[in-house]
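Close look at the chain arrangement
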Amino acid sequence: MEVEGQATQPPKFALPVDSENKATVFRLFSVAAPHMRAFHLSWVSFFACFVSTFAAPPLLPIIRDNLNLTASDIGNAGIASVSGAVFARVAMGTACDLFGPRLASASLILLTAPAVYFTSIASSSTSFLLARFFTGFSLASFVSTQFWMSSMFSAPVVGTANGVAGGWGNLGGGATQLIMPLVFALILNIGAVKFTAWRIAFFIPALFQTLSAFAVLIFGKDLPDGNFRRLQKSGDKTKDKVSNVFFHGISNYRGWILALTYGYCFGVELTIDNIVAEYFYDRFDLKLHTAGMIAASFGLANIVSRPGGGMLSDAVAKRFGMRGRLWALWIVQTLGGVFCIILGRVGSLGASVAVMIVFSIFVQAACGLTFGVVPFVSRRSLGLISGMTGGGGNVGAVLTQLIFFKGSKYSKETGMTFMGVMIICCTLPVCLIYFPQWGGMFCGPSSKSATEEDYYLSEWTSEEKEKGLHLASLKFADNSRRERGRKQDSETKPVDETPSTHV
Amino acid sequence: MAARDLLLASLVLSCSLLPCYGVVLFSSLQRTLVVTASPAPGQVLKGGVDKITVTWGLNQTLPAGTDSAYKTVKVKLCYAPVSQADRGWRKTQDNMKKDKTCPYKIVARPYNSANKTSQSVEWTVQRDVPTATYFVRVYAFNADENEVAYGQTTDAHKTTTLLQVEAISGRHKTMDVCSICFSAFSVLSLAGFFYIEKRKGKRSQ
């Protein structure tokens, strides 16, 4: 339980915590405030955003007739649905750094809910595209999810927390392929005609989105110690300048590499969410709800695959540290590319479904593995790096749909094969990521005995250090020593828990 | 010799079995029926409201007995090429099982061989027929339920005498009002929350 407003008495938490009051364990079935409650609020609200963003694809066979859409219109709307979040995710990262994940995510979700309501009254390809475009902005809530988890959970479990929250949110992309055809069928049964039923069906994701945002605002807390605003006013949390956060984020090359590689695991996932229902419906002549069920199984794999990726990241980090995390990421994502190529080549329904499920597991695990690395790239600009990586995911989705899945140039099967090749190529840059204190895929840590403190404190100038703005980064550096892996960890001398350096 | 005879026999047998396995090609069908539809050129039919009358009959210039195999007819509404452009899900394929040109059934009836010249049906354009350009085609089926002949309102290139349908939008005023109200509620409640947060922040100081 938390003791309110007394700085002298350390607050008590239901879960064991580290020096930053971040939980060191992850208990899935607990809703204890603030850690696990934040987890459940963030994944549910993110899930709602995914449901809304991908509510249209399973109903496209009806919508395309009602709005007289061509294949190009559908492709453009698909691209629009994931392009809004490119910049929204970067902006969201900065917003989280400045205002806290609770307000940032709830604001975004409530401001994009109107787009979902307005999808119900779309009457042309243009209005449909605009509705999907603005709805897609809500996917930026991914960044607040990851930021929130990185603020609530400590290094040993941050990969798992990020993976489960991200994965269960992404689940929405699969669940919606089941939910929307079901809701549609229900409304059809009540007596509406097809062209009205799909419109009414859209109110369900819209309402869900609105209610989840309310829950976040009412029950959520930014940090274990409280909300940003109150902590900022009482001086417990320092306010940082946008320009500094921005500079330290974009000047870190690792952020850019992860943005690219994330485009080819998460971006691919978004692309498949957009095209797979129509692919099965048209290629294998299935009924709408059958195609929806198969399409759903792609996104539903997220229930275990992305969290699995996060847990794998944490598990290899225990033994091999950051180097293990990077290797695991590269291997899993490359295999995802291989299975994507195979998916484009198989011709029977059974084989397609089987390959698609294996493909989904690898691609989603790669997403989880990526966010096992992201929390360590920067401490000062954690939000921005999360945003850049997340935004990069959407850029990947935009590019892939633009090149391979727009109009009638390539059949969907051919597009998938090419997409697989692109995944393999764009995953290679992981080899270039290098941390001086931990090493990279092919090189060990720098022989100049670089430390975690050196790396994280290099983001602060000496004037800022004098003002004590860097203390949070110092705590984090200490807690991140585990990323050296078991062999190295036993060789380093134990460091004092209290930060002793005040220049 | 015996082997060659066996091969020939099996080929003949498999060819005669082919129609039974349903691989009917559109290009193999003969255009023996004459079909007309009531709408005037340029008339736009409203979904759920307007009616069309389709009349079909055997082409009288053909020799007698051409229609001896016809048992049933199906009258269908088909997409014209202009409505198939850039829409792979409406593609015309020669294999009748895979062909997606004619998705809407107007009526299925036994073929009336007594009244060869004109059989007709009056049909209200259904509410789930999308906005597009169409023509009407009538397929004649034999006793094995395979297509054997057809007729259509348009020419071979499917460019003349086409029908325009304007579908219902599916929107209702109630829906419009609900959308707007709920959207406004979402945005206003956010503003409300911010206001409450600000008040709380001021109070804790």
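Just so it is clear, the model here is predicted, and its values are computed rather than measured.

**Some remarks on the pattern of salt bridges**
All chains considered together, the criterion is met by 17 salt bridges over all chains. In this structure, the salt-bridge partner of Glu20(A) is Arg379(A), at a minimum N-O distance of 3.8 Å. Of this pair, Glu20(A) sits in the segment before α1 (35-53) while Arg379(A) sits in the loop between α16 (349-373) and α17 (382-404), placing them 359 residues apart in sequence. The residue Asp65(A) makes a salt bridge to Arg90(B) at a minimum N-O spacing of 2.9 Å. Of this pair, Asp65(A) sits in helix α2 (residues 60-66) while Arg90(B) sits in the loop between α2 (81-84) and β6 (104-110), placing the two residues on different chains. Residue classification places Asp65(A) among the buried residues on the basis of a relative accessible area of 14%. Through salt bridges with shared partners, a single ionic network connects Glu452(A), Glu453(A), Asp478(A), Arg481(A) and Arg484(A).

**A word on helix α11 (residues 242-250) of chain A**
Residues and elements named next belong to chain A. Residues of α11 that are buried include every one of Val245, His248 and Gly249, and no others. The arc that holds every buried residue of α11, seen down its axis, measures 105°, which confines them to one face. On the buried face of α11, the contacting elements are α3 (71-99) and α17.

**What about the confidence of the model for chain B?**
Counting all residues, the mean pLDDT for chain B is 85, and 87% of those residues have values of 70 or more. For chain B, per-element mean pLDDT is lowest for helix α1 (residues 2-17) of chain B, which scores 60, and highest for α2(B), which scores 93.

**Topic: helix α4 (residues 101-119) of chain A**
The terminal C-alpha atoms of α4(A), which comprises 19 residues, lie 27 Å apart, in line with the 27 Å expected from a rise of 1.5 Å per residue. Of all 19 residues in α4(A), 17 are buried; the element is thus mostly enclosed.

**Let's talk about the UniProt feature "transmembrane region" (unreviewed entry) in chain B**
Here the UniProt feature "transmembrane region" (unreviewed entry) sits at residues 174-196 of chain B. The annotated region residues 174-196 of chain B carries 100% helix and 0% strand content, and the separation between its end C-alpha atoms amounts to 32 Å.

Quick notes on the rules
Residues numbered from 1 in each chain as written. Chains lettered and ligands numbered in written order. Predicted model: local features only at pLDDT ≥ 70, side-chain atom pairs only at ≥ 80, totals over all residues. Heavy atoms only, no water. Salt bridge = Lys/Arg side-chain N within 4 Å of Asp/Glu carboxyl O. Helix = DSSP H or I, 4+ residues; strand = E, 2+ residues; numbered from the N terminus. Buried < 20%, exposed > 50% of the residue type's maximum accessible area, 1.4 Å probe, protein only. Arc of directions from axis to C-beta. Contact = heavy atoms within 4.5 Å. pLDDT = per-residue confidence, 0-100. Expected span 1.5 Å × (residues − 1). UniProt positions renumbered as here; feature names shortened; annotations may be inferred.

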